[in-house]
Amino acid sequence: MIDKRVASADAALAGVTDAMTIMIGGFGNAGMPGDLIDALIRHGARDLTIVNNNAGNADSGLALLLKERRVRKIICSFPRQVDSWHFDKLYKEGAIELELVPQGNLAERIRAAGAGIGGFFTPTGYGTQLAEGKETREIDGRQYVFERPIHADFALIKALRADRWGNLTYRKTARNFGPIMASAARCTVAQVQHFEPLGALDPEAVVTPGIFVNRVLVVRSDVSTPAQAEA
Amino acid sequence: MIDKRVASADAALAGVTDAMTIMIGGFGNAGMPGDLIDALIRHGARDLTIVNNNAGNADSGLALLLKERRVRKIICSFPRQVDSWHFDKLYKEGAIELELVPQGNLAERIRAAGAGIGGFFTPTGYGTQLAEGKETREIDGRQYVFERPIHADFALIKALRADRWGNLTYRKTARNFGPIMASAARCTVAQVQHFEPLGALDPEAVVTPGIFVNRVLVVRSDVSTPAQAEA
Amino acid sequence: MSKFSRDEMAARVASDFPEGAYVNLGIGLPTLVANHIPRDREIILHTENGLLGMGPAPKPGQEDPDVINAGKQPVTALPGASYFHHADSFAMMRGGHLDFCVLGAFQVSAAGDLANWHTGAPGAIPAVGGAMDLAIGARNVYVMMEHLTKAGESKIVPKCTYPLTAVGCVSRIFTDLAVIDVTPRGLVVVDIADGLSFDELQQLTGVPLARAANLAPTTP
Amino acid sequence: MSKFSRDEMAARVASDFPEGAYVNLGIGLPTLVANHIPRDREIILHTENGLLGMGPAPKPGQEDPDVINAGKQPVTALPGASYFHHADSFAMMRGGHLDFCVLGAFQVSAAGDLANWHTGAPGAIPAVGGAMDLAIGARNVYVMMEHLTKAGESKIVPKCTYPLTAVGCVSRIFTDLAVIDVTPRGLVVVDIADGLSFDELQQLTGVPLARAANLAPTTP
């Protein structure tokens with residue numbers, strides 16, 4: 001019987017090795033898979049390439065992974081925040097590589113990887129620093145930039161509910177990068193708050209079909225989403 | 001107050017003119033917007049380019065539009081069926097142009113139009129007749145074909161429920177091309193079975209946000225989906 | 001001369017939105033616009049982190065950490081709202097489905113080029129977020145900004161000296177001194193602060209301006 | 001010599017699927033495979049018109065016109081199923097997320113080229129559907145077909161003469177006479193019908209074959 005649950009956050013990361021590309025879901029704290037990031041810090045893998053919208057906040061999660069100097073390169077749209085001091089320090093030291101990608105191109109490149117698209121022409125970024133050195137093309141009178149897919153070895157995401165096939169639903173704007181990252185990685189691990197019997201999720205409302213999910217970690221006491229805020 | 005409902009199928013097609021490109025949802029009969037197609041037949045527009053997965057079945061809907069010789073060109077993946085006799089006849093007479101597109105490229109080209117993508121490289125069709133004359137490119141050791149978006153003037157689709165903002169949910173595999181066609185047309189008209197008060201649709205389960213829908217036609221007695229089959 | 005206040009600028013922007021418009025309000029000054037949408041008009045707000053039908057800030061104590069806007073501030077969802085993932089959200093933007101976006105700016109050029117994401121200062125950490133996607137995506141790109149820098153220089157310039165966000169994307173500029181359309185024939189002033197003359201405005205602005213036909217005569 | 005029956009072919013295909021495999025069964029002969037999935041294994045079936053977790057045909061009278069497969073036949077949805085739109089469904093295929101697809105064929109070449117969509121006959125109306133997407137998308141592309149045409153010619157050919165569906169995509173061929181792997185070193189026979197010798201199989205096949213190390217010795 002298929003059951004994608006894993007026993008622990010550490011077991012969820014089996015197979016992670018140095019120098020891998022790892023996608024981490026979330027937009028700020030919404031949708032950030034805190035337990036899986038903590039496990040990644042414990043795991044010890046280094047020389048990682050991380051794909052996330054941001055570059056860590058304050059002194060937890062992704063920011064700590066950066067602080068531990070385990071990240072060689074970060075691919076993101078918005079690293080600079082009031083509380084991104086760990087990234088800021090590494091960046092100013094030249095101790096981390098930054099690939100800055102407009103947020104929509106970041107999302108579309110991740111989606112392209114999951115959808116088997118070899119590359120695409122986007123109008124976003126044309127004529128800007130972020131398109132320097134990239135192929136451009138005029139199509140029907142509009143200028144576009146060629147962008148490539150971003151594949152990952154692992155995707156670590158957070159969802160609200162899962163069943164044993166790995167079908168997922170999300171919670172409000174915490175959905176953000178989860179569904180597309182799930183499709184773009186060789187191994188996708190979802191941290192969820194609720195585990196449901198097979199058939200309990202409405203097939204019309206499943207957001208990420210289980211085909212995109214390899215492992216499910218059930219984390220009932222998720223502090224980042226207070227119980228009273230659940231819907 | 002926003003209310004995207006229209007009073008009749010004929011009103012739903014206001015603005016349709018000759019020589020337009022019109023997307024019609026459905027995979028066979030599932031998701032086919034029968035009332036809107038009938039209105040298009042009554043409307044009289046001709047020289048149309050139709051985008052649909054098929055090329056009409058038996059003696060109703062799209063098949064009748066073809067029979068009336070109102071379609072100059074059809075863009076589809078699977079025209080030949082046991083009951084596609086109206087298309088077959090026109091095709092053999094040379095009275096209709098066929099652009100045959102692999103089904104996944106058809107879907108992705110429609111999605112690209114809705115997403116503002118200028119074109120993309122797909123592995124599907126490489127090395128086949130259907131890629132003849134098209135640009136190809138090797139990317140990371142794999143061969144791809146360049147495909148362009150398909151935009152439409154109108155999209156006629158069928159959904160299950162709508163609210164006055166035009167938010168839509170679909171019914172089972174009748175979802176098929178509806179959501180992507182809704183995004184790819186200048187004017188999208190959805191034929192639905194149920195009209196719901198604003199807020200009645202679960203925001204987590206809305207499949208097509210109202211931003212993609214211009215007009216809603218409520219058709220309560222939809223014979224193609226018997227009441228006992230509703231979920 | 002009486003400059004437009006920030007609230008007056010926001011109200012002027014909001015008055016441009018027709019009933020049923022889909023609008024994205026950028027971070028900073030543009031968020032003020034939400035407070036000025038006419039009560040008799042239904043305007044649907046988009047936030048690029050995956051929500052259409054965004055409502056106002058929640059009451060204190062009612063914040064939900066999973067309902068935030070692009071600035072990561074707590075917001076609410078109205079009846080009729082929908083949630084979607086990032087690729088779908090940016091497809092809405094890039095695909096031209098938003099009627100308006102309102103953005104802040106460092107500079108706008110006479111051709112409508114926008115610079116609003118990066119000062120380009122040595123050592124500054126760049127961050128772009130969704131600015132470039134909004135700038136190329138919305139049908140009407142509105143800019144809200146002070147007319148002049150703190151040093152008194154025009155932020156409307158012949159050519160942007162800051163790094164570009166997008167080329168030729170701005171349709172209308174709302175400043176504390178004027179409302180200016182970007183047109184194929186150049187910049188056209190459609191409104192002007194009370195007590196400021198067209199000539200005075202022109203003197204403060206680094207680019208030639210034209211008068212709109214319906215521009216009210218102002219005190220000299 | 002006792003040829004593999006259609007059910008035997010289907011059972012042989014199904015026995016290759018490990019627990020938890022995601023599988024798409026093409027129109028025609030491959031649909032038989034669904035009847036032969038071992039009861040102790042959970043296999044999840046995909047149909048490209050937007051359903052993952054497809055179940056068997058409904059009982060007569062229970063058909064739902066909105067629950068159909070790619071061949072437009074009525075099917076059912078199992079507990080755990082999900083529905084999605086066409087772009088998402090073909091992203092699953094193109095993106096390499098399906099473990100197996102099983103397709104019929106007119107011809108397969110020694111290099112694994114597949115021809116299964118069009119005879120190319122003058123006047124024939126072409127129709128491709130999802131065949132090309134399945135052929136390039138699944139991690140393992142299985143072909144089920146008769147070994148020979150009605151005229152007795154090998155359907156395994158040096159080079160396809162029918163229009164191609166995809167280049168070098170086939171991983172394993174199941175015929176009524178043998179099971180053959182497509183490998184970088186050529187075609188390798190892994191199973192053979194009872195009473196048919198390897199040499200006889202080779203004589204019937206238009207392409208050089210090799211024996212797999214574990215190929216059971218057969219009666220001469």
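A.B. asks: How would you summarise the pairing of strand E7 (residues 142-147) of chain A if you had to cite specific residues and measurements?
C.D. replies: All names here are of chain A. For strand E5 (residues 119-122) and E7, the ladder comprises three bridges, and the chain directions are antiparallel. Looking at the pairing, Phe 120 lines up with Glu 147 of E7. In this structure, strand E6 (residues 136-139) lies alongside E7, joined through four bridges in antiparallel fashion. Within the sheet, the bridge partner assigned to Thr 136 lies in E7 and is Val 145. The hairpin turn running from E6 into E7, its antiparallel successor, is two residues long, and Asp 140 in that turn takes a positive phi close to 50°.

A.B. asks: How would you summarise the sheet that holds strand E6 (residues 107-109) of chain C if you had to cite specific residues and measurements?
C.D. replies: All names here are of chain C. Taken together, three strands build an open sheet; the order of strands is E7-E6-E9 and the sheet is mixed. For this open sheet the edge positions go to strand E7 (114-115) and strand E9 (156-157), each flanked by a neighbour on one side alone. Note that E6 and E9 share two bridges and pair parallel. Residue Ser 109 lies in a different strand from E9, and its bridge partner there is Val 157.

A.B. asks: Which residues make up the interface of chain C and chain A, and what values go with them?
C.D. replies: Facing the 37 residues of chain C at the interface are 48 residues of chain A. Three residues, Asp 66, His 86 and Ile 125 of chain C, lead the burial of chain C against chain A; their summed loss comes to 21% of the area buried on that side. Our count for the chain C to chain A interface comes out at four salt bridges. When the shortest N-O distance is used, the salt bridge between Lys 172 of chain A and Asp 64 of chain C registers 3.7 Å. Inspection of the chain C/chain A interface yields 17 residue pairs in polar contact (both at pLDDT 80 or more). Tallying contributions element by element places helix H2 (residues 86-94) of chain C first for the side of chain C that touches chain A, with four residues.

A.B. asks: Tell me what's going on with the relation of the copies chain B and chain A, and back it up with residues and numbers.
C.D. replies: Once chain B has been moved 0.0 Å along the axis and rotated by 180°, it coincides with chain A to within an RMSD of 0.0 Å. Seen this way, the second copy is the image of the first under a two-fold rotation axis. For chain B, the minimum C-alpha distance to the rotation axis belongs to Phe 120 of chain B and amounts to 2.0 Å.

A.B. asks: Talk me through the interface of chain B and chain A; I want residue IDs and the actual numbers.
C.D. replies: The partner chain A presents 22 residues to the 22 residues of chain B that form the contact. Roughly 1,800 Å² of surface becomes buried between chain B and chain A when both sides are summed, with 39% attributable to carbon and sulfur atoms. At the surface where chain B touches chain A, the tally comes to 14 residue pairs in polar contact (both at pLDDT 80 or more). It is strand E5 (residues 119-122) of chain B that provides the largest number of residues to the side of chain B that touches chain A, a total of three residues. Taken together, the three bridges between E5 of chain A and E5 of chain B define a ladder with antiparallel strand orientation. Counted as the bridge partner of Gly 119 of chain A is Phe 121 of chain B from E5 of chain B.

A.B. asks: If you had to explain the packing of helix H5 (residues 103-115) of chain A against H2 of chain C to someone new, which residues and values would you point to?
C.D. replies: One way to put it is that H5 of chain A packs onto H2 of chain C with a least axis distance of 9 Å and a crossing angle of 125°. Looking at the two axes, H5 of chain A sits oblique to H2 of chain C. Of the two elements, H5 of chain A crosses H2 of chain C, and the hand of that crossing is left-handed. Where H5 of chain A approaches H2 of chain C, its residues Gln 103, Gly 104, Asn 105, Ala 107, Glu 108 and Arg 111 of chain A are matched on the opposing element by His 86, Ala 87, Phe 90 and Arg 94 of chain C.

A.B. asks: Give me the environment of Pro 123 of chain A: which residues, what numbers.
C.D. replies: Assignment of secondary structure puts Pro 123 of chain A in the loop between E5 and E6. For the pair Pro 123 of chain A and Gly 210 of chain A, spaced 87 residues apart in sequence, the C-alpha to C-alpha distance is 33 Å. The contacts of Pro 123 of chain A, once residues within four sequence positions are left out, are Arg 142, Gln 143 and Tyr 144 of chain A, Gly 116 of chain B together with Arg 94 and Ile 136 of chain C.

Conventions used here
- Residues numbered from 1 in each chain as written.
- Chains lettered and ligands numbered in written order.
- Predicted model: local features only at pLDDT ≥ 70, side-chain atom pairs only at ≥ 80, totals over all residues.
- Heavy atoms only, no water.
- Pairing = 2+ DSSP bridges.
- Helix = DSSP H or I, 4+ residues; strand = E, 2+ residues; numbered from the N terminus.
- Contact = heavy atoms within 4.5 Å.
- Buried area = accessible area lost by both parts, 1.4 Å probe.
- Salt bridge = Lys/Arg side-chain N within 4 Å of Asp/Glu carboxyl O.
- Polar contact = N/O pair within 3.5 Å; in protein donor to acceptor, adjacent residues only side chain to side chain.
- Least-squares fit on C-alpha atoms with pLDDT ≥ 70 in both.
- Axes fitted to C-alpha atoms, helices over the stretch in contact; angles between N-to-C directions.
- Parallel < 35°, antiparallel > 145°, perpendicular 65-115°, else oblique.
- Left-handed = near helix turned anticlockwise from the far one by under 90°.

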